[in-house]
Amino acid sequence: MQSTSTLKRHAQLVDRMANTLGVDLEQKIMEGQMTFDALGDVVLACTGCANPEACDHWLARNKAATATPDYCRNGDVFSLLMAGKHA
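Since the model is a prediction, treat every value here as computed from it, not as a measurement.

K.L.:
Sorry, what's going on with the overall build of the protein here?
P.N.:
For the protein, the helix and strand inventory stands at five helices and zero strands. For the C-alpha atoms alone, the extent of the protein along its principal axes is close to 30 × 30 × 15 Å. Of all 87 residues assigned to the protein, the portion counted as buried reaches 33%. Across the protein, every contact between residues at least 6 apart in sequence was considered, and the portion connecting residues at least 24 apart equals 74%. Split by element, the accessible area of the protein, about 5,400 Å² in all, is 52% carbon and sulfur. Positive and negative side-chain charges in the protein, numbering 8 and 10 respectively, have mean positions lying 6 Å apart.

K.L.:
How do you make sense of the pattern of salt bridges when you look at a structure like this?
P.N.:
Any two side chains of opposite charge can pair, given that their charged atoms come close. Enumeration according to the criterion identifies two salt bridges in this entry. Of the charged contacts in the structure, one is a salt bridge between Arg9 and Glu53, with a shortest N-O distance of 3.6 Å. Remark: Glu53 occurs in helix α4 (residues 52-61) and Arg9 occurs in helix α1 (residues 4-21); sequence separation between them is 44 residues. When the shortest N-O distance is used, the salt bridge between Asp56 and Arg16 registers 2.4 Å. Here Asp56, found in helix α4, pairs with Arg16, found in helix α1; they are 40 residues apart in sequence, far enough to count as distant.

K.L.:
Sorry if this is basic, but what is going on with α4 here?
P.N.:
Note that an α-helix has 3.6 residues per turn; residues three or four places apart therefore point the same way. Three or more residues of α4 are buried, namely Pro52, Cys55, Trp58 and Leu59. Down the axis of α4, the smallest arc covering the buried residues is 115 degrees, so these residues share one side. Residues of α4 that are buried sit in contact with α1.

K.L.:
How should the nonpolar core be read in this particular structure?
P.N.:
Formed by 18 residues in total, the largest nonpolar core has its most connected members in Val14, Met17, Val23, Leu25, Met34, Leu59 and Phe78. The residues contacting Met17, other than those within four sequence positions of it, are Cys55, Trp58, Leu59, Thr68, Pro69 and Phe78.

K.L.:
Explain empty space enclosed by the protein here, please?
P.N.:
Over the atoms, a rolled probe matching the size of one water molecule traces out where space is still vacant. Scanning the entire structure with this criterion turns up one cavity of 30 Å³ or more. As a volume, the largest cavity reaches approximately 120 Å³. Surrounding the largest cavity, 14 residues form its lining, Met17, Cys46, Cys55, Cys72 and Arg73 being those nearest its centre. At the level of elements, α1 and α4 are the ones that each hand at least two residues to the lining of the largest cavity. Residue contributions to the lining of the largest cavity peak at four residues, all from α1. Its residues assigned to classes, the lining of the largest cavity comprises eleven nonpolar, two polar and one charged.

Rules of the game
Residues numbered from 1 in each chain as written. Predicted model: local features only at pLDDT ≥ 70, side-chain atom pairs only at ≥ 80, totals over all residues. Heavy atoms only, no water. Helix = DSSP H or I, 4+ residues; strand = E, 2+ residues; numbered from the N terminus. Buried < 20%, exposed > 50% of the residue type's maximum accessible area, 1.4 Å probe, protein only. Contact = heavy atoms within 4.5 Å. Areas by Shrake-Rupley, 256 points an atom, 1.4 Å probe, with all protein chains shown as cover. Lys, Arg positive; Asp, Glu negative; His and termini not counted. Charge placed at Lys NZ, Arg CZ, Asp CG, Glu CD. Salt bridge = Lys/Arg side-chain N within 4 Å of Asp/Glu carboxyl O. Arc of directions from axis to C-beta. Core = buried A, V, L, I, M, F, W, Y, C linked by side-chain atoms within 4.5 Å. 1 Å grid on protein atoms, 1.4 Å probe; cavity = no way out; pocket = protein on both sides within 12 Å on 5 of 7 lines; lining within 4 Å. Points joined across faces, edges and corners; volume = space filled by probe spheres on them. Nonpolar A, V, L, I, M, F, W, Y, C, P; charged D, E, K, R; others polar.

What follows is the structure, given as structure tokens:
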């Protein structure tokens with residue numbers, strides 16, 4: 001089981017990534033394109049990243065983007081959400 005601090009850190013990374021990509025996660029949930037459980041799965045997938053520092057630096061350098069970095073464990077999910085599809 002992940003520690004609370006690890007979960008919080010990765011939840012923040014997921015939120016920052018979504019914002020950088022122009023994805024409003026709350027809106028996607030309200031529109032039915034994503035469930036709360038799926039969002040939890042996204043955060044858990046993020047906790048499996050071997051180098052969250054790289055993501056943190058990437059997010060600091062990119063205030064807007066059209067895709068996640070290649071190493072993002074949730075790139076497919078964000079691509080679906082950006083395309084208006086169910087994730």
